[in-house]
Amino acid sequence: MRIVVLLKAVPVVGNEKLVDGWRVDRSAGLEANGNDEYVLEAALKLVEAHGGEVVTLTMGPHPALEAIRKALAMGAARAVQIVDDALAGSDALATGRVLAAALAHLEYELVLAGADTSDGQGGVVGAAIATRLGLPYLSYAASIEPDPAAGIVRVRRISPTGYDVLEARLPALIAGTQLLGEPRYPSLRGIMQARSKEIATWTLRDLGIDPASVGPAASQTVVQEATPPPQRAGATVVREAPDVAVERIVAFLVSRRLI
Amino acid sequence: MAGAVWAIGEIVEGAPTRLTRELATLARQLGEAAALPVAAVLVGPDAAAAGALLAEHGPDVLAVEVDPGGRPTAAVIAERVAALVRERAPAFLLVGASNDGKDVAGILQGLLDWGVLVNGAGVRWSDRGPQVEMSVFGGRLVTQSTFAADRGIVIVRPSAVTAETAPAAGQVERVVVDPAIELAPVRVVDRVAEASAAVPIEEASVIVAGGRGVGGPEGFAVVRELADALGGVVGATRAVVDAGWIGYAHQIGQTGKSVKPQLYVAAGISGAIQHKVGMQTSGTIVAINRDPDAPIAEFADMMVVGDLFEILPRLTAAVRARRG
Ligand SMILES: Cc1cc2nc3c(=O)[nH]c(=O)nc-3n(C[C@H](O)[C@H](O)[C@H](O)COP(=O)(O)OP(=O)(O)OC[C@H]3O[C@@H](n4cnc5c(N)ncnc54)[C@H](O)[C@@H]3O)c2cc1C
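All of these numbers come straight from a predicted model, not from anything done at the bench. (Residues numbered from 1 in each chain as written. Chains lettered and ligands numbered in written order. Predicted model: local features only at pLDDT ≥ 70, side-chain atom pairs only at ≥ 80, totals over all residues. Heavy atoms only, no water.)

In many reports, interface size means the accessible area that the parts give up when they come together. Residues and elements named next belong to chain B. Domain parsing of chain B yields domain 1 (5-174) and domain 2 (201-323). Counting from both sides, the interface comprises 9 residues of domain 1 and, opposite them, 7 residues of domain 2. For the pairing of domain 1 and domain 2, the buried interface totals around 650 Å² over both sides, and the portion due to carbon and sulfur atoms is 44%. For the pair domain 1 and domain 2, the number of links is 1 salt bridge. As a salt-bridge pair, Arg18 and Glu203 come within 3.9 Å of each other at their nearest N and O atoms. Its residues placed into classes, the side of domain 1 that touches domain 2 shows 2 nonpolar, 4 polar and 3 charged. (Domains from an automatic or database assignment. Contact = heavy atoms within 4.5 Å. Buried area = accessible area lost by both parts, 1.4 Å probe. Salt bridge = Lys/Arg side-chain N within 4 Å of Asp/Glu carboxyl O. Nonpolar A, V, L, I, M, F, W, Y, C, P; charged D, E, K, R; others polar.)

So, in structure tokens, the structure goes:
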């Protein structure tokens, strides 16, 4: 099985450095998005079981390399990175277009993406890419079971009332969750091997995309203002014995009209 | 119906979801503020019946009936909504921030090339169209965003507005659409119900969450009892979900759900950043932890230093006693 994993490098959660008020500094300190590492792990397990290779696809500037190298050290065979100055500040719409264009240059039976990213939190890019490429889209995956011989894949999808078992033809795009399993740590051997693995760099020109159709100028969404939320006053600390502590909690909840 | 605001709804077990009722209410409010027509769209085998319930919130409902077979997939919904959008040219679509809603929004973006504003915690009408409030970077900032063009898709979180019935109910119009583009099919082989999955955690106004401090699956009993007494639901950290003590549907945080209840009680939770980003915008945070230096002390409103097994049962009894 040939599997492409969409891997985004995101600012470390809680450590985002803000510039110009609300833009996040992506020039350093990026790591692989949490959900993307879960699907990468699932992809690696699938090729261990079925043969084939995992290729990661990243749209993101130079500092994304660290996250890409880690994915290679975990076991991905090679990586593609789309780097272009024009891409900074692109919205979800442009991101979906660019990744779909890049996928058109790759061969695969499965494309795996994280259910959402910790910085964007939209969870829409995977669906938009699948739609552009005419791929079946299976989301919120808790398990992925391909049957390459039959050309199909089954996914257990988290639903509002439990889970659904979905089936679609390959190739397909699947967005996965934490339930796919804990990502492995790169082994020392994996880290050594990663050094000689290929990281191909593609530009918008390689993909035939007009730079004017991406970036902030083409963005369909505009941030009008950004403000910090109201600050908390700091915690009232309660250290009394349980009976007194509970009286204090109740009084506090009553004072805030919560009970 | 040029320029209209549409609420794209979701039917679960024959009825519009609470979030769908909120979207219909929001569509009506925006329509009134902007003097624009509004409508709601429902796609499902029982769309007209569910539509009659949704119309109570004001908008006319476009009910698209599809073959029986339960809840349609996002692809089936989106390809019909896209066909209706092409036919009737609304300007703004409101979609719920549920799993199905986000899928529908993503597919619509791929089909229509419209911008999407995600995670809407509030939507107001402004001179630039809908202005969407969202919490970004794990609650560090609140942004107000609009669309660059006169169209767009807003993904709206639960409880952004309170669902209200309208003085005059809308009409239900049964519509037949021919999806111009057929998306790659996804077959539903089975739908499995799990009692623990149906926790409306994002809608709850009170959450009592347990972490590794509860010690094991049985330890959640005291958490559940307090949640019941407060009329709330049970939340959890990833550590206890990974340990198999409780289902993933309860997980709050970076790779779980984001919540904003009026009251969040954190019992035996250290307050790791990945947990914090999912709950720090809660109204009031009360933490119960043996360790006075646990990171949660930095963003709680009340930090109770003690053993949760001594505190929670007493607190449950006290809450029950007050409620009578
Ligand atoms: C990519 C990624 C994504 C993640 N996503 C999430 C997520 O979505 N949600 C999430 O929660 N975490 C997430 N995490 C995990 C997170 O980093 C923490 O490991 C987790 O939140 C810790 O859970 P905890 O607070 O239950 O456990 P611990 O950190 O072990 O804390 C237990 C606390 O209980 C206290 N305690 C123990 N016994 C008692 C007692 N009897 N009475 C009172 N207090 C007691 C201890 O003092 C301690 O503070 C993620 C991590 C990664 C890397």
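Next comes the rest of the description.
Listed as interface residues are 79 residues of chain A and, on the opposing side, 89 residues of chain B. Taken together, both faces of the contact between chain A and chain B bury some 7,100 Å²; the carbon and sulfur share is 57%. Our count for the chain A to chain B interface comes out at 12 salt bridges. Between Asp100 of chain B and Arg157 of chain A there is a salt bridge, with the nearest N and O atoms lying 2.7 Å from each other. The greatest single-element share of the side of chain A that touches chain B, amounting to 10 residues, is contributed by helix H8 (residues 242-255) of chain A. In terms of residue class, the side of chain A that touches chain B is built from 40 nonpolar, 25 polar and 14 charged. One ladder, built from 3 bridges, connects strand E15 (residues 236-238) of chain A with strand E18 (residues 302-305) of chain B; its direction is parallel. Bridging across to E18 of chain B, Val237 of chain A finds its partner in Met303 of chain B. (Helix = DSSP H or I, 4+ residues; strand = E, 2+ residues; numbered from the N terminus. Pairing = 2+ DSSP bridges.)

Residue and element names in this part refer to chain B. Counting across every chain of the model gives 2 aromatic pairs over all chains. Look at Phe92 and Trp125: their rings are 5.8 Å apart centre to centre, the planes differ by 80 degrees, and that puts the pair in the edge-to-face class. You can see Phe92 sitting in strand E6 (residues 92-96) and its partner Trp125 sitting in strand E8 (residues 122-126), a full 33 residues away along the chain. The exposure class of Trp125 is partly exposed, given its relative accessible area of 28%. The rings of Phe92, Trp125 and Phe147 are connected pair by pair, giving a single aromatic cluster. (Phe/Tyr/Trp six-rings, centres within 6.5 Å; stacked < 30°, edge-to-face > 60°. Buried < 20%, exposed > 50% of the residue type's maximum accessible area, 1.4 Å probe, protein only.)

Residue pairs spaced three or four apart in an α-helix point in one direction, given the helix's 3.6 residues per turn. Turning to helix H4 (residues 125-133) of chain A, its buried residues number three or more, namely Gly126, Ala127, Ala128, Ile129, Ala130 and Thr131 of chain A. Those residues of H4 of chain A hidden inside the fold are in contact with strand E1 (2-6), helix H3 (92-103), strand E9 (137-147) and strand E12 (172-176) of chain A together with helix H4 (99-112) of chain B. Following H4 of chain A by one or two positions, Gly134 of chain A adopts a phi angle in the positive range, close to 70 degrees.

A word on the site of the ligand. Lining the immediate surroundings of the ligand are 27 residues, of which Arg212, Thr237, Gln251, Ser270 and Asn289 of chain B lie closest. Ser270 of chain B places a side-chain nitrogen or oxygen 2.7 Å from an oxygen atom of the ligand. At a separation of 2.9 Å, a nitrogen atom of the ligand approaches a polar backbone atom of Leu308 of chain B. Summarising the interface, the protein chains cover 79% of the accessible area of the ligand, which totals 1,000 Å² for the free molecule. Going through the elements one at a time, helix H1 (34-50) of chain A together with helix H6 (238-242) and helix H7 (273-276) of chain B are the ones with two or more residues in the shell around the ligand. Per-class residue counts for the shell around the ligand are 7 nonpolar, 15 polar and 5 charged. (Near = heavy atom within 4 Å. Polar contact = N/O pair within 3.5 Å; in protein donor to acceptor, adjacent residues only side chain to side chain. Areas by Shrake-Rupley, 256 points an atom, 1.4 Å probe, with all protein chains shown as cover.)

Before going further, it helps to examine the nonpolar core. Among the nonpolar cores identified, the biggest contains 68 residues, and Leu57 of chain A together with Trp6 of chain B are the most heavily contacted of them. Once you skip the residues sitting within four places of it in the chain, Leu57 of chain A turns out to touch Val4, Val5, Leu6, Leu7, Val80, Ile82, Leu99, Ala102, Leu103 and Leu106 of chain A. Counting residues in hydrophobic clusters, the runner-up holds 39 residues, among them Ala9, Val54, Ile68 and Ala141 of chain A. (Core = buried A, V, L, I, M, F, W, Y, C linked by side-chain atoms within 4.5 Å.)

A few words now on the sheet that holds strand E10 (residues 141-147) of chain B. Spatially, E14(A)-E10(B)-E9(B)-E8(B) is the arrangement adopted by the 4 strands of the open sheet, whose pairing is antiparallel. Across the chains shown, the open sheet's two edge strands, defined by having one partner strand only, are strand E14 (221-227) of chain A together with E8 of chain B. Mean inter-strand twist for the sheet, computed between neighbouring axes without regard to direction, equals 30 degrees. Bridge analysis of strand E9 (residues 129-136) of chain B against E10 of chain B gives 5 bridges, and the strand direction is antiparallel. Its bridge partner being in E10 of chain B, Glu133 of chain B is matched across the sheet by Gln144 of chain B. (Axes fitted to C-alpha atoms, helices over the stretch in contact; angles between N-to-C directions.)

Quick look at the pattern of salt bridges now. All names here are of chain A. Taken as a whole and assessed by the stated rule, the structure comprises 33 salt bridges over all chains. The salt bridge involving Glu37 is made with Lys70; its shortest N-O contact spans 3.0 Å. Note that Glu37 is positioned in helix H1 and Lys70 in helix H2 (residues 65-74), a separation of 33 residues in sequence. For Glu37, a relative accessible area of 12% corresponds to the buried category.

What follows is about the environment of Val265 of chain B. Residue and element names in this part refer to chain B. Examined against the element boundaries, Val265 turns out to sit in strand E16 (residues 263-267). According to the relative accessible area criterion, Val265 is buried, its value standing at 3%. For Val265 and Phe220, which are 45 residues apart along the polypeptide, the C-alpha to C-alpha distance reads 13 Å. Not counting residues up to four positions away in its chain, the partners in contact with Val265 are Ile207, Val208, Ala209, Leu226, Leu230, Val286 and Ile288.

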